[in-house]
Amino acid sequence: MDTGPMTDFVNAVISESRDGGIIHSYLSQQISWEGPMRKSFASLVADLASGSPQSITRVTERLQYLNGTYRTRYPVASMPCAVNVLVKLIGDMGWWRTSPPVLFGSSEIDSEQLANMIPGILDGIEKQGCKRPYSLLTKFLHFCFPDSFPIYDAQAASSIQMWSFLAFKNRDADWKQFRLLEMTDTSGHGYKSLVKFYNLFWSTTNDAQRTELVRSTNMLSHHIGGKVSILDLVDKLLWLASGDPLPLGLTLRH
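My aim in this report is to walk through the structure given alongside it, one point at a time. (Residues numbered from 1 in each chain as written. Predicted model: local features only at pLDDT ≥ 70, side-chain atom pairs only at ≥ 80, totals over all residues. Heavy atoms only, no water.)

Helix and strand content of the protein chain: 13 helices and 0 strands. Once the C-alpha set of the protein chain is aligned to its principal axes, its extents read approximately 60 × 40 × 30 Å. For the protein chain, long-range pairs separated by at least 24 residues make up 68% of all intrachain contacts whose partners lie at least 6 apart in sequence. When the accessible surface of the protein chain is summed, it comes to about 11500 Å², and 52% of that surface belongs to carbon and sulfur atoms. Separation between the mean location of the 24 positive side-chain charges and that of the 24 negative ones in the protein chain comes to 4 Å. (Helix = DSSP H or I, 4+ residues; strand = E, 2+ residues; numbered from the N terminus. Contact = heavy atoms within 4.5 Å. Areas by Shrake-Rupley, 256 points an atom, 1.4 Å probe, with all protein chains shown as cover. Lys, Arg positive; Asp, Glu negative; His and termini not counted. Charge placed at Lys NZ, Arg CZ, Asp CG, Glu CD.)

As for its position among the elements, Val102 is in the loop between α5 (79-92) and α6 (108-127). Setting aside residues up to four positions removed in sequence, Val102 forms contacts with Asp147 and Ser148.

Here the structure, examined in full by the defined rule, presents 20 aromatic pairs. Centre to centre, the rings of Phe145 and Phe149 are 6.3 Å apart; their planes meet at 45 degrees, and the pair counts as tilted. Of the two residues, Phe145 and Phe149, both sit in the buried class. Aromatic pair Trp163 and Phe197: ring centres 5.1 Å apart, planes at 75 degrees, arrangement edge-to-face. With Trp163 in helix α8 (residues 154-167) and Phe197 in helix α11 (residues 191-204), this residue pair connects regions lying 34 residues apart in the sequence. In this structure an aromatic cluster arises from ring pairing among Phe9, Phe104, Trp163, Phe168, Phe178, Phe197, Tyr198, Phe201 and Trp202. Above the plane of the ring of Tyr65 lies Arg62, whose end atom (NZ or CZ) is 4.4 Å from the centre. Between Arg171 and the ring centre of Trp175, over which it is positioned, the NZ or CZ distance is 4.8 Å. (Phe/Tyr/Trp six-rings, centres within 6.5 Å; stacked < 30°, edge-to-face > 60°. Buried < 20%, exposed > 50% of the residue type's maximum accessible area, 1.4 Å probe, protein only. Lys NZ or Arg CZ within 6 Å of the ring centre and 35° of its normal.)

Ranked by internal contacts, the top residues of the largest apolar core, which has 80 residues, are Phe9, Trp96, Phe140, Trp163, Phe197 and Phe201. Those residues in contact with Phe140 that lie beyond four places of it in its chain are Phe41, Leu44, Val59, Arg62, Leu63, Leu66, Leu86 and Trp96. (Core = buried A, V, L, I, M, F, W, Y, C linked by side-chain atoms within 4.5 Å.)

With that out of the way, let us pick up the pattern of salt bridges. In the structure shown here, the tally under the stated rule is 14 salt bridges. Between Arg18 and Glu212 there is a salt bridge, and its shortest N-O distance comes to 3.1 Å. Highlighted residues: Arg18 in the loop between α1 (4-17) and α2 (22-29) and Glu212 in helix α12 (residues 207-224), separated in sequence by 194 residues. Assessed through its relative accessible area of 37%, Arg18 is described here as partly exposed. Assessed through its relative accessible area of 17%, Glu212 is described here as buried. By sharing partners, the salt bridges in this structure join Glu34, Arg38, Asp232, Asp235 and Lys236 into a single network. (Salt bridge = Lys/Arg side-chain N within 4 Å of Asp/Glu carboxyl O.)

Take a look at the structure:
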């Protein structure tokens, strides 16, 4: 694998997170709801951790809110099923009370655990006779645990595939895991490729770049009044680029 394209992408995330960059501009334009929404999820996790009798109602409300805001078109009739399964399985891991592993810097075992949680929940929902809310589920878990779960959507997957076209010289198994076909499978089994991409991102950064990324998250969190993580910065650029190599910072190498 050619590490150059990932280095270019890291630099693009840092640049676009600064004042005037497209990540900073997007969050600034959405400040009226981004900050309050993120705070509401922090409050929700606290409710779930305490065993509040209102927590299930609040999970349903937050899931419906994301469904409408991001237009994921998940059937309202399937919401109770999805809520019950995801609350139980995350609870079985103890993650409402003690947060899941932080993705960046995590061990291989912890990363695998995070990656497997998505298809596990989706499988549980399907076994209850309900549709699988792949993208919606990752959004929900990301806002509950912004340092642990990356967001999957088709736009982000398109950007990762574009990166892979330049990062891999051969179209072998290493490359195939980043194909759109693999990552967009609604079973969620391609989520492991998304997690791998994020881990490759982090392993490519040096100490100075990590310091800059943390500085940007602190500044943006204060700016919008809600938690912004480094995973957020990566996600926002992947999503905003939607497969376009220019905002991703990608260039052809000769």
